[in-house]
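One letter stands for each residue in the lines below.
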Amino acid sequence: GDSVTQMEGPVTLSEEAFLTINCTYTATGYPSLFWYVQYPGEGLQLLLKATKADDKGSNKGFEATYRKETTSFHLEKGSVQVSDSAVYFCALSVGNRDDKIIFGKGTRLHILP
Amino acid sequence: DTAVSQTPKYLVTQMGNDKSIKCEQNLGHDTMYWYKQDSKKFLKIMFSYNNKELIINETVPNRFSPKSPDKAHLNLHINSLELGDSAVYFCASSNRGGNTEAFFGQGTRLTVV
């Protein structure tokens, strides 16, 4: 079945460090891919998305490129801030009758000042 | 205006009680979901409805019963609450098709004592 695997956390970085959170997926169709962010005590917010191969999603300095050949959608940011501390979820949706959005297990990110 | 709103935000109740969580979306979406997030932040889909029709019913105890009076509302009723039901429950909505993201409510933290 469809699934998402992302690197386990927590990930701890110093402010201004480079961030990569790995995400790979398995899907029977042609999924859309998403990164969601959950700040403490809040619901999930869409961070970025890509709907087809080679698309790059970007928002707030974060980027991720839809790589069909490696079935990956890694999240990157060149210089993280303390305010980026949150839990990040990679997700996919195949858009079939189920319209189910499948999430990875989440990666907790701590940024130290 | 809150896009997806769920009430209550916190719910503390005793084992054996019956409780409901309400969800409303004002985005005009045709699909609504309930997700359960456990203490490790893992998100698992429970149900989804499209235009008031049940689409997804994952392996959830039949003590959990969703009700969708119209496509803007999806409520969750839980009978005979158990300690293991303690979690954060998120409502979400989207449009069918898979390319559009889901919008999440702020969550309801349910604690069963």
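Preceding block: the structure.
The structure reproduced in this document is the subject of the present report. Note that the coordinates shown come from a computational prediction; the quantities given were computed from them, not determined experimentally. (Residues numbered from 1 in each chain as written. Chains lettered and ligands numbered in written order. Predicted model: local features only at pLDDT ≥ 70, side-chain atom pairs only at ≥ 80, totals over all residues. Heavy atoms only, no water.)

Glancing now at the overall build of chain A. Per the secondary structure count, chain A includes zero helices and twelve strands. Seen in sequence order, chain A has helices and strands lined up from the N terminus as β-β-β-β-β-β-β-β-β-β-β-β. Every one of the 113 residues in chain A was classed for burial, and the buried ones make up 45%. Taking all contacts inside chain A whose residues are at least 6 apart in sequence as the whole, residues at least 24 apart take part in 56%. If you sum the accessible surface of chain A, you get close to 5300 Å²; carbon and sulfur atoms cover 47% of it. Of the side chains in chain A, 11 bear a positive and 13 a negative charge, and the two mean positions are spaced by 5 Å. (Helix = DSSP H or I, 4+ residues; strand = E, 2+ residues; numbered from the N terminus. Buried < 20%, exposed > 50% of the residue type's maximum accessible area, 1.4 Å probe, protein only. Contact = heavy atoms within 4.5 Å. Areas by Shrake-Rupley, 256 points an atom, 1.4 Å probe, with all protein chains shown as cover. Lys, Arg positive; Asp, Glu negative; His and termini not counted. Charge placed at Lys NZ, Arg CZ, Asp CG, Glu CD.)

Another aspect to go through is the interface of chain B and chain A. Taken together, the contact between chain B and chain A spans 26 residues of the former and 22 residues of the latter. Surface buried jointly by chain B and chain A totals about 2000 Å² across both partners, of which 51% is contributed by carbon and sulfur atoms. At the junction of chain B and chain A, the tally comes to one salt bridge. Between E101 of chain B and K49 of chain A there is a salt bridge whose closest N-O contact spans 3.1 Å. Going through the elements one at a time, β4 (31-37), β5 (43-50) and β6 (53-57) of chain B are the ones with two or more residues in the side of chain B that touches chain A. With four residues, the single largest contributor to the side of chain B that touches chain A is β4 of chain B. A per-class count over the side of chain B that touches chain A returns ten nonpolar, nine polar and seven charged. (Buried area = accessible area lost by both parts, 1.4 Å probe. Salt bridge = Lys/Arg side-chain N within 4 Å of Asp/Glu carboxyl O. Nonpolar A, V, L, I, M, F, W, Y, C, P; charged D, E, K, R; others polar.)

Turning next to the sheet that holds strand β7 (residues 56-59) of chain A. Residue and element names in this part refer to chain A. Read from one edge of the open sheet, four strands run β3-β9-β8-β7, paired in antiparallel fashion. Looking at which strands have only one partner, the edges of the open sheet turn out to be β3 (19-21) and β7. Shown here is a sheet whose adjacent strand axes are inclined to one another by a mean of 15°, direction ignored. Summarising the sheet, strand β8 (residues 62-65) and strand β9 (residues 75-77) pair through three bridges and their orientation is antiparallel. (Pairing = 2+ DSSP bridges. Axes fitted to C-alpha atoms, helices over the stretch in contact; angles between N-to-C directions.)

A separate point is the nonpolar core. W35, L47, L48, F73, L75 and Y88 of chain A are the most contacted members of the largest nonpolar core, which totals 28 residues. In terms of residue count, the dominant contributor to this core is strand β10 (residues 86-93) of chain A (four residues). With residues up to four places along the chain from it excluded, the contact list for L48 of chain A reads L33, F34, W35, G57, S58, N59, F62, E63, A64, F73 and L75 of chain A. If you look at the next biggest cluster of nonpolar residues, it comprises 20 residues, including W34, L74, L81 and V112 of chain B. (Core = buried A, V, L, I, M, F, W, Y, C linked by side-chain atoms within 4.5 Å.)

By themselves, these figures tell us nothing about what the structure is for.
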